[in-house]
Amino acid sequence: MAALLWPSLGALLGLVAGSFLATLVIRWPEGKPLSGRSRCDSCGAAVGWADLVPLLGWLALKGRCRACGAAIDARHPLFELTAAAIGLLAMLAVPGPQGLWGALLGWALLALLALDLAHYWLPDRLTLPLLAMGLAGGPGLLTDRLLGAAIGGGGLLLLALLYRWLRGREGLGLGDVKLMAALGAWLSPAYLGPLLLAASVAGLAFAALSRWRGAGEEGAPIRIPFGACLALAGFPMWLIANAAGGV
């Protein structure tokens, strides 16, 4: 039973975190406030406390607003389930406070993944605190964390500048650079190569899917949210590094 305590706590905290993250991802890009009473996005009716219970409230309502019957955005249960899985996996990998710290990494990356996919946006108010958290409490020695951030962010910045010089247009944004620096602080320098490889494979898959769906026709370039690819690869890489005892 003791072995299940931390993973169970991680999953429960993940449900709560996922509920907030869904609200953040839906409302923040629209300029809507994140604080105050929760309300239906369709009719504006206040949502009762019982209906706000993560996942259970959505199931009890059968995915529809109690007041107007409009469908509740499916991102709410999706984020809650995904964040719960992140908390569970982080606590299985590293039971205790350090596992909770890793879960915070995963939850932040989940929000960045969704924002970059939908809006090509990696806000500083997420990437910079993630960098600070990695430097302050990431695994390993502070010198390793500083080196990882410098190599990760600096390397991607050089790549972005080289691409702009060769192609005459932006290929990578500064948001991608800041996110890479943050992940470098969370991972030892040895894992930056595999991280970049995994993110590149995800980017190629995204480009292939976009091409299959008709994007990039008549020679138009396909816009790839590389920050989302980094976010997608970042948490699994943290899990692998901890399983290997490398961080």
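Rules used throughout
Residues numbered from 1 in each chain as written. Predicted model: local features only at pLDDT ≥ 70, side-chain atom pairs only at ≥ 80, totals over all residues. Heavy atoms only, no water. Helix = DSSP H or I, 4+ residues; strand = E, 2+ residues; numbered from the N terminus. Rg over C-alpha atoms; globule rule 2.2 N^0.38 Å. Buried < 20%, exposed > 50% of the residue type's maximum accessible area, 1.4 Å probe, protein only. Contact = heavy atoms within 4.5 Å. Areas by Shrake-Rupley, 256 points an atom, 1.4 Å probe, with all protein chains shown as cover. Lys, Arg positive; Asp, Glu negative; His and termini not counted. Charge placed at Lys NZ, Arg CZ, Asp CG, Glu CD. Core = buried A, V, L, I, M, F, W, Y, C linked by side-chain atoms within 4.5 Å. Salt bridge = Lys/Arg side-chain N within 4 Å of Asp/Glu carboxyl O. Phe/Tyr/Trp six-rings, centres within 6.5 Å; stacked < 30°, edge-to-face > 60°. Lys NZ or Arg CZ within 6 Å of the ring centre and 35° of its normal.

(A) Broad picture of the overall build of the protein chain. In terms of helices and strands, the protein chain carries nine helices and zero strands. If you list the helices and strands of the protein chain from N to C, you get α-α-α-α-α-α-α-α-α. Against the 2.2 N^0.38 benchmark of 18 Å for 247 residues, the protein chain shows a C-alpha radius of gyration of 19 Å, consistent with a compact globule. A principal-axis box enclosing the C-alpha atoms of the protein chain has dimensions of 55 × 55 × 30 Å. Going through the 247 residues of the protein chain one by one, you find that 42% of them count as buried. A fraction of 68% describes how many contacts in the protein chain between residues 6 or more apart in sequence connect residues 24 or more apart. With the model as given, the accessible surface of the protein chain reaches about 13000 Å², and the carbon-plus-sulfur share is 69%. For the protein chain, the separation between the mean place of its 17 positive charges and that of its 12 negative charges on side chains is 4 Å.

(B) Broad picture of the nonpolar core. If you look at the biggest cluster of nonpolar residues, it comprises 51 residues, and the most contacted ones within it are Leu109, Leu130, Leu179, Leu195, Leu230 and Trp238. Where this core is concerned, the elements lending two or more residues are α1 (2–27), α3 (75–93), α4 (97–119), α5 (124–137), α6 (142–167), α7 (174–186), α8 (192–212) and α9 (226–243). Apart from residues lying up to four places away in sequence, Leu109 is in contact with Leu130, Leu179, Leu183, Ala231, Gly234 and Phe235.

(C) Representation of the environment of Val53 in the model. By the secondary structure assignment, Val53 is in the loop between α1 and α2 (56–60). On the accessibility criterion, Val53 (36% relative accessible area) is partly exposed.

(D) Structural detail: the pattern of salt bridges. Going through the model one piece at a time under the given rule, you end up with five salt bridges. With its nearest N and O atoms 3.1 Å apart, the salt bridge here joins Glu30 to Lys32. Owing to a relative accessible area of 38%, Lys32 belongs among the partly exposed residues under this scheme. A salt bridge links Asp73 to Arg75; the nearest nitrogen and oxygen atoms lie 2.8 Å apart.

(E) Representation of the packing of aromatic side chains in the model. Within the structure shown, the criterion is met by three aromatic pairs. Directly above the ring of Tyr120 sits Arg223, whose terminal nitrogen or CZ lies 4.0 Å from the centroid.

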